[in-house]
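Secondary and tertiary structure notes
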Amino acid sequence: MKKVITLMLSLMLCVAFMTGCGSSDVYKVITEPTFPPFDTTDENGELTGFDMELMQAIAEDQGFEVEFESMGFDALIPAIQAGNADIIAAGMNAMDPDRQKKVDFSDYYYDSGLVVLVKEGNNTIKSIDDLTSDMKVASQIQTTGGDKANELAKDGKIKEAVILDQFDTCVLQVINGDVDAVIIDLPVAKSYISKQPGKVKIVGDTLNAESYGFAVAKGNKELLDKINAGLKNMKDNGTYDELYDKWFN
Ligand code: GLN
């Protein structure tokens, strides 16, 4: 009898080992952390934000683990394409057709749009229409804001698109007067305004409509299904709303 029980236990352990139950997959989540409140760092320099905590909640719900790593925004999609990371959580517009050719996006988790940010006290620029061919406009490399700034420069509507690696530097440059405006996502503009009240202000209407999604490698349906299922559960059980209240109010 003892031998039978030992044999059964050994078989169960082998099955558990082979099926990986008891151990969970670990996915690398990448972001660019000058995009508060979605993707930022805490007082200890640790990655945090709405994106990070929503992805962590999705992971726990779906039985996988995540580890976070930051890099330049322009490095995010190449990292997924090269197989060096598994998920982008970076306030990334999932509606962009060029991106859709390179990665697959989850269901949308946040609806946003671009705005123009200027220095407090600037009464010349009241909307994007007041930008002139002697002005410089900053935004972040390979983002929808950067694309808009490049488009304005190409069309001769501004003198120069100043394309930088990080949004906090863009905001600093408009405060210092090095550039005349920044094109940036509305919720992120609001976050920078709340961090530095009286320094910068939003002018004009929202320039476009964006919906953010988490990105995975083309064809990785298994992971995408997990993310979508977890996202739905977080919306259904109130976790999404709790995180939204924490990071946006
Ligand atoms: N939402 C913008 C985009 O998708 C900016 C994203 C970001 O800077 N993290 O390009």
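Our subject in this report is the structure included herewith. This structure is a prediction, so every number in the text was calculated from the model and none was measured.

**Re the pattern of salt bridges**
- Following the criterion strictly, the structure yields ten salt bridges and no others.
- With a shortest N-O distance of 2.7 Å, Asp-104 and Lys-218 are connected by a salt bridge. Highlighted residues: Asp-104 in strand 6 (residues 103–105) and Lys-218 in the loop between strand 14 (215–217) and helix 8 (221–236), separated in sequence by 114 residues.
- In this structure Asp-104 comes out as buried when scored by relative accessible area, which is 19%.
- Residue Lys-136 is joined to Glu-160 by a salt bridge in which the shortest nitrogen-to-oxygen separation is 4.0 Å. On the criterion of sequence distance, the pair formed by Lys-136 in strand 9 (residues 136–140) and Glu-160 in strand 10 (residues 160–164) is long-range, its members being 24 residues apart.
- For Lys-136, a relative accessible area of 28% puts it in the partly exposed group.
- A relative accessible area of 34% places Glu-160 in the partly exposed class.
- Each of Asp-25, Glu-222 and Lys-226 takes part in salt bridges that share partners, so that together they form one network.

**Quick look at the packing of aromatic side chains**
- Under the criterion given, the structure shown has 19 aromatic pairs.
- Centre to centre, the rings of Phe-35 and Tyr-212 are 6.3 Å apart; their planes meet at 50°, and the pair counts as tilted. Here Phe-35, found in the loop between strand 1 (26–31) and strand 2 (40–41), pairs with Tyr-212, found in strand 13 (residues 210–212); they are 177 residues apart in sequence, far enough to count as distant. Across the pair, exposure class does not vary: Phe-35 and Tyr-212 are buried alike.
- Ring geometry for Tyr-110 versus Phe-248: centroids 5.1 Å apart, planes at 20°, classification stacked.

**Topic: the sheet that holds strand 10**
- With mixed pairing, the five strands of this open sheet are ordered in space as 10-9-11-8-12. Here the strands that pair on one side only, and so sit at the sheet edges, are strand 10 and strand 12 (200–203). Strand-to-strand twist across the sheet, computed as the mean angle between neighbouring axes with direction ignored, equals 35°.
- Of the strand pairs in this sheet, strand 9 and strand 10 are connected by five bridges, and their pairing is parallel. Paired with Lys-136 across the strands is Glu-160, a residue of strand 10.
- Sheet strands touched by helix 7 (residues 186–195): strand 8 (114–119), strand 11 (181–185) and strand 12. Its angle to strand 11, the strand with the most contacts, is close to 115°.

**Describing the environment of Pro-187**
- Along the chain, Pro-187 turns up in helix 7.
- Residue classification places Pro-187 among the buried positions, given a relative accessible area of 8%.

**Examining the pairing of strand 1**
- With six bridges connecting them, strand 1 and strand 4 (residues 65–70) associate as parallel partners. Bridging across to strand 4, Thr-31 finds its partner in Ser-70.
- With two bridges joining them, strand 1 and strand 5 (residues 87–88) adopt parallel strand pairing. Bridge pairing links Val-29 to Ile-87 in strand 5.

**Digging into unusual backbone geometry**
- For the bond from Pro-36 to Pro-37, the omega torsion is 5°, close enough to zero to count as cis.
- Tracing the chain through its elements places Pro-37 in the loop between strand 1 and strand 2.
- Phi is positive for Gln-142, close to 60°, though the residue is something other than glycine.
- Secondary-structure assignment places Gln-142 in the loop between strand 9 and helix 5 (144–154).

**Quick word on the nonpolar core**
- In terms of nonpolar packing, the biggest core is built from 45 residues, with Leu-54, Ile-87, Tyr-109, Val-182, Ile-184 and Phe-214 touching the most fellow members.
- The element best represented in this core is helix 2 (residues 50–62), accounting for seven residues.
- With residues up to four places along the chain from it excluded, the contact list for Ile-87 reads Tyr-27, Lys-28, Val-29, Ile-30, Met-55, Ile-80, Phe-214, Ala-215, Val-216, Leu-223 and Ile-227.

**Points about the packing of helix 2 against helix 8**
- One way to put it is that helix 2 packs onto helix 8 with a least axis distance of 8 Å and a crossing angle of 105°. Considering the angle they form, helix 2 stands roughly perpendicular to helix 8. Contacts between helix 2 and helix 8 involve Leu-54, Met-55, Ala-57, Ile-58, Asp-61 and Gln-62 from the first element and Lys-226, Ile-227, Ala-229, Gly-230, Leu-231, Asn-233 and Met-234 from the second.
- A breakdown of the residues in the contact of helix 2 with helix 8 according to their chemical character gives eight nonpolar, three polar and two charged.

What counts and what doesn't
Residues numbered from 1 in each chain as written. Predicted model: local features only at pLDDT ≥ 70, side-chain atom pairs only at ≥ 80, totals over all residues. Heavy atoms only, no water. Salt bridge = Lys/Arg side-chain N within 4 Å of Asp/Glu carboxyl O. Helix = DSSP H or I, 4+ residues; strand = E, 2+ residues; numbered from the N terminus. Buried < 20%, exposed > 50% of the residue type's maximum accessible area, 1.4 Å probe, protein only. Phe/Tyr/Trp six-rings, centres within 6.5 Å; stacked < 30°, edge-to-face > 60°. Pairing = 2+ DSSP bridges. Axes fitted to C-alpha atoms, helices over the stretch in contact; angles between N-to-C directions. Contact = heavy atoms within 4.5 Å. Core = buried A, V, L, I, M, F, W, Y, C linked by side-chain atoms within 4.5 Å. Parallel < 35°, antiparallel > 145°, perpendicular 65-115°, else oblique. Nonpolar A, V, L, I, M, F, W, Y, C, P; charged D, E, K, R; others polar.

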